[in-house]
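# Overview (structure and organization)
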Amino acid sequence: MNESTNLRVEDVMSTNIRSIEGLATVLEAIDMMRQYGINSLAVMRRDGDDEAGLLLLRDIAVKVVAQNRSSERVNVYEVMTKPAFTLPPKMMVRNAVRLMTEHSVARALVVDNDRNPIGIVTLRDLVLGEDPED
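Conventions used here
Residues numbered from 1 in each chain as written. Predicted model: local features only at pLDDT ≥ 70, side-chain atom pairs only at ≥ 80, totals over all residues. Heavy atoms only, no water. Helix = DSSP H or I, 4+ residues; strand = E, 2+ residues; numbered from the N terminus. Rg over C-alpha atoms; globule rule 2.2 N^0.38 Å. Areas by Shrake-Rupley, 256 points an atom, 1.4 Å probe, with all protein chains shown as cover. Lys, Arg positive; Asp, Glu negative; His and termini not counted. Charge placed at Lys NZ, Arg CZ, Asp CG, Glu CD. Pairing = 2+ DSSP bridges. pLDDT = per-residue confidence, 0-100. Phe/Tyr/Trp six-rings, centres within 6.5 Å; stacked < 30°, edge-to-face > 60°. Lys NZ or Arg CZ within 6 Å of the ring centre and 35° of its normal. Contact = heavy atoms within 4.5 Å. Axes fitted to C-alpha atoms, helices over the stretch in contact; angles between N-to-C directions. Buried < 20%, exposed > 50% of the residue type's maximum accessible area, 1.4 Å probe, protein only. Salt bridge = Lys/Arg side-chain N within 4 Å of Asp/Glu carboxyl O.

## Remarks on the overall build of the protein
Check the secondary structure of the protein and you find 6 helices and 6 strands. Reading the protein from its N terminus to its C terminus gives the helix and strand order α-β-α-β-β-α-α-β-α-β-β-α. In terms of C-alpha radius of gyration, the protein reaches 15 Å, essentially the compact-globule figure of 14 Å for 134 residues. Overall, the protein is about 50 × 30 × 30 Å in size when its C-alpha atoms are taken along their principal axes. For the protein, the exposed surface amounts to about 8000 Å²; the carbon and sulfur share of it is 46%. For the protein, the separation between the mean place of its 16 positive charges and that of its 21 negative charges on side chains is 4 Å.

## Remarks on the pairing of strand β6 (residues 117-122)
As judged from the 5 bridges shared by strand β5 (residues 107-111) and β6, these two strands associate in the antiparallel manner. Across the sheet, R107 pairs through a bridge with T122, a residue of β6. Counted along the chain from β5 to the antiparallel partner β6, the turn is 5 residues long, and its residue R115 has a positive phi close to 70°.

## Describing the confidence of the model for the protein
Summing up the model confidence of the protein, the mean pLDDT is 91 and the portion of residues at 70 or higher is 93%. Element-level mean pLDDT values for the protein span from 93 in helix α6 (residues 123-128) up to 97 in helix α2 (residues 26-36).

## A closer look at the packing of aromatic side chains
Note on aromatic pairs: each is described by the distance of the centres and the angle between the planes. The final tally for this structure, using the stated rule, is 0 aromatic pairs. Over the aromatic face of Y36 sits the side chain of R18, whose NZ or CZ is 3.7 Å from the ring centroid.

## A closer look at the sheet that holds strand β2 (residues 40-43)
One open sheet accounts for 3 strands, arranged β1-β2-β3; its pairing is mixed. With one partner strand each, in any of the chains shown, β1 (19-20) and β3 (53-56) form the two edges of the open sheet. Bridge analysis of β2 against β3 gives 4 bridges, and the strand direction is antiparallel. Looking at β3, one finds that L41 is bridged to L55. Of the strands in this sheet, β1, β2 and β3 are in contact with α2, which crosses β2 at around 125°.

## Thoughts on the side chain of T25
Looking at the element boundaries, T25 is found in the loop between β1 and α2. Owing to a relative accessible area of 19%, T25 belongs among the buried residues under this scheme. Discounting residues that sit within four places of it in the chain, T25 has contacts with S71, E72, V74, N75 and V76.

## Re the sheet that holds β6
Sheet architecture is open: 3 strands sit in the order β4-β5-β6, paired in mixed fashion. With one partner strand each, in any of the chains shown, β4 (86-87) and β6 form the two edges of the open sheet. Pairing geometry for β4 and β5, over 2 bridges, is parallel. Paired with T86 across the strands is L109, a residue of β5.

## Regarding the pattern of salt bridges
Here the structure, examined in full by the defined rule, presents 6 salt bridges. For D50, the salt bridge is made with R46, and the minimal N-O distance between the two is 3.8 Å. We classify D50 as buried; its relative accessible area is 9%. Between D50 and K82 there is a salt bridge whose closest N-O contact spans 2.8 Å. Here D50 is found in the loop between β2 and β3, whereas its partner K82 is found in the loop between α4 (76-79) and β4, with 32 residues between them in sequence. Among the charged side chains, a salt-bridge network with shared partners connects R46, D50 and K82.

Written as structure tokens, this is what we have:
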């Protein structure tokens, strides 16, 4: 990461995020992850008072596969992380890295002022300062 730049989270986040309902099955989530070649899904808020969730491939591995649970019978809301770790798009990258590492988080949703997901960012994106759309 070039320390002399003033990169913000919005400069390196991926805006191509996929989302799923909490009531969907883990099997549906796995199918979506396969289809799009991704490792995480935003879990939509039920209403304006709710918070977004995040379903990681790791959640599925630890909470479904390793416990020999049926992905057809487990709902996303049962294994997702909620509330998801979130960042504002205007946060400076150096501060986002500090915050994420302090909380041992490798991936965060980027949310607008209404707390709606508008992107996703990883520590890799933040540290390398890459444009995810390239």
